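Here's the letter readout for the chains.
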Amino acid sequence: MLPTPVLLTVEELSASYGSIQALHQVNLQVEEGQIACVLGANGAGKTTLMRALSGLMEKPQGRTHFQGRDLLSMEAEDIVKYGIAHVPQGRMVFAQLSVLDNLKLGGYTRPAKEVLHDIDRVLSYFPRLKERIAQRAGTLSGGEQQMLAIARGLLSKPKLLMLDEPSMGVAPILKEFIFEKLREIRNAENLSILLVEQDAALALQIADMGYVMETGRIVLKGPCDELSRSDVVQQAYLSTQN
Ligand code: ATP
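So, a few notes on the structure that sits alongside this text. All figures in this text were calculated on a predicted structure; none of them were measured in a lab.

Considerations on the sheet that holds strand E8 (residues 209-214)
Pairing between sheet strands relies on hydrogen bonds along the backbone, with the strands arranged either parallel or antiparallel.
Part 1: Pairing is mixed in the open sheet, where six strands are placed in the order E5-E6-E7-E3-E8-E9. The open sheet terminates on both sides in strands that have one partner only, identified here as strand E5 (84-87) and strand E9 (217-223). Strand-to-strand, the axes of this sheet are offset by a mean angle of 15°, without reference to chain direction.
Part 2: Looking at chain direction, strand E3 (residues 35-39) and strand E7 (residues 192-197) are connected through five bridges and run parallel. Bridging across to E7, cysteine 37 finds its partner in leucine 195.
Part 3: On the sheet, helix H7 (residues 172-189) packs against E3, strand E6 (160-164) and E7 and is oriented at approximately 160° with respect to E7.
Part 4: On top of the sheet, helix H10 (residues 231-238) reaches E8 and E9; it is set at about 65° to E8, its chief contact.

The structure is reproduced here in structure tokens:
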């Protein structure tokens with residue numbers, strides 16, 4: 001069997017906020033069609049990793065390979081056009097705009113006609129959004145806003161969807177729904193997903209490959225079924241969760 005092609009390779013990635021180094025020589029890979037997750041506590045560097053790959057950090061060091069390009073030399077807007085959508089922590093939907101207008105903005109790099117067609121398809125994953133299409137985004141629940149942020153990300157037609165803590169501020173029942181949806185979307189859209197998450201149990205449930213990050217370093221990696229059984233992950237990330 002041929003090995004699965006790699007979509008994203010990150011090599012020796014370091015990034016700092018002034019004198020504070022937040023990432024230390026991070027290495028990871030996302031294969032085509034894979035869901036990879038990065039687990040880590042508060043302040044481990046997960047958001048910084050997402051920001052560095054989206055062109056939002058100043059002078060990150062290291063190398064990346066994504067469809068023949070190094071993301072570290074690209075502007076944030078070009079990274080979106082080139083096939084990476086970043087759903088930020090806290091969702092960042094436009095509270096005053098309707099659900100529909102938020103979705104349209106997700107496709108700002110693409111022809112409007114194509115985007116309108118895709119909005120229908122993306123809404124089929126999230127019927128609750130369809131019901132609330134004219135509602136202002138700020139009136140949605142946390143879980144619904146997360147669905148909107150994911151749907152908006154999909155409208156740039158990414159090859160790689162990066163999600164920063166999609167479980168944050170979401171009611172438990174919707175967390176399960178959203179994480180299961182991610183798997184369905186990955187299968188249906190021929191997408192790869194890189195997910196950073198504090199809720200290790202949820203992330204390990206849907207991801208294929210996992211990385212554990214502590215103080216800006218990857219300290220452990222492996223297929224998620226193996227990681228779930230490892231003592232380190234059991235004690236540090238799974239024992240306090242239900
Ligand atoms: P959380 O789950 O709380 O979002 P995280 O794993 O995403 O945490 P980061 O937000 O990437 O972690 O933070 C990594 C380190 O960088 C932390 O030590 C944090 O204090 C520091 N840091 C993050 N943002 C800034 C900033 N704007 N200026 C200075 N230091 C920062």
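Moving on from the coordinates now.
A short note on the pairing of strand E2 (residues 20-31)
Part 1: Alignment of strand E1 (residues 6-17) against E2, held across eight bridges, turns out to be antiparallel. Following the sheet pairing, valine 6 is matched in E2 by glutamate 31.
Part 2: Hairpin connection between E1 and E2: a loop of two residues separates the two successive antiparallel strands, and glycine 18 in this loop has a positive phi of roughly 55°.

Quick look at the site of the ligand
Part 1: Surrounding the ligand, one finds 14 residues, the nearest of these being Asn42, Gly43, Lys46, Thr47 and Thr48.
Part 2: Glycine 43 places a main-chain nitrogen or oxygen 2.7 Å from an oxygen atom of the ligand.
Part 3: Within the backbone of alanine 44, a nitrogen or oxygen atom sits 3.0 Å from an oxygen atom of the ligand.
Part 4: Protein contacts shield 63% of the accessible area of the ligand, which totals 630 Å² for the unbound molecule.
Part 5: Every element with two or more residues in the shell around the ligand is listed here: E2 and helix H1 (46-53).
Part 6: Counting residues per element, the shell around the ligand draws most heavily on H1, which supplies three residues.
Part 7: When the residues that make up the shell around the ligand are grouped by side-chain class, the tally is five nonpolar, seven polar and two charged.

Re the nonpolar core
Part 1: Counting residues in each nonpolar core, the largest one holds 47 residues, and the members touching the most others are Leu129, Ile150, Leu161, Leu195 and Leu204.
Part 2: Examining the composition of this core, we find that six residues originate from one element, helix H6 (residues 142-154), more than from any other.
Part 3: Residue-level mapping places this core at the junction of two domains, with at least three residues from each of domain 1 (1-19 + 32-69 + 158-242) and domain 2 (92-157).
Part 4: One finds Leu13, Ala15, Leu23 and Met57 within the second-largest nonpolar core, a separate group that totals 30 residues.

Overview of the sheet that holds E2
Part 1: The strand order across the open sheet built from three strands is E2-E1-E4, with neighbouring strands paired in antiparallel fashion. The open sheet has two free edges, formed respectively by E2 and strand E4 (61-66), since each of these has just one partner strand. Strand-to-strand, the axes of this sheet are offset by a mean angle of 15°, without reference to chain direction.
Part 2: Set on the sheet, H1 makes contact with E1, E2 and E4; between it and E1 the angle comes to about 115°.

Some thoughts on H6
Part 1: For H6, spanning 13 residues, the distance from its first C-alpha to its last is 19 Å, which sits close to the expected 18 Å at 1.5 Å a residue.
Part 2: The buried fraction of H6 amounts to 12 of the 13 residues, a majority that puts the element mostly inside the structure.
Part 3: Restricting attention to buried positions, one finds in H6 the residues Gly143, Glu144, Gln145, Gln146, Met147, Leu148, Ala149, Ile150, Ala151, Arg152, Gly153 and Leu154.
Part 4: Where the residues of H6 are buried, they touch E5, helix H3 (99-106), helix H4 (112-123), helix H5 (127-131), E6 and H7.

Side note on a nonpolar patch on the surface
Part 1: Taken together, the side chains of Phe94, Leu97 and Leu105 define a hydrophobic patch exposed on the protein surface, amounting to about 240 Å² of accessible area.
Part 2: For phenylalanine 94, a relative accessible area of 41% translates into the label partly exposed.

What counts and how
- Residues numbered from 1 in each chain as written.
- Predicted model: local features only at pLDDT ≥ 70, side-chain atom pairs only at ≥ 80, totals over all residues.
- Heavy atoms only, no water.
- Pairing = 2+ DSSP bridges.
- Helix = DSSP H or I, 4+ residues; strand = E, 2+ residues; numbered from the N terminus.
- Axes fitted to C-alpha atoms, helices over the stretch in contact; angles between N-to-C directions.
- Contact = heavy atoms within 4.5 Å.
- Near = heavy atom within 4 Å.
- Polar contact = N/O pair within 3.5 Å; in protein donor to acceptor, adjacent residues only side chain to side chain.
- Areas by Shrake-Rupley, 256 points an atom, 1.4 Å probe, with all protein chains shown as cover.
- Nonpolar A, V, L, I, M, F, W, Y, C, P; charged D, E, K, R; others polar.
- Core = buried A, V, L, I, M, F, W, Y, C linked by side-chain atoms within 4.5 Å.
- Buried < 20%, exposed > 50% of the residue type's maximum accessible area, 1.4 Å probe, protein only.
- Domains from an automatic or database assignment.
- Expected span 1.5 Å × (residues − 1).
- Patch = residues over 30% accessible without salt bridge, like charges linked within 9 Å, V, L, I, M, F, W, Y side chains within 5 Å.
- Salt bridge = Lys/Arg side-chain N within 4 Å of Asp/Glu carboxyl O.

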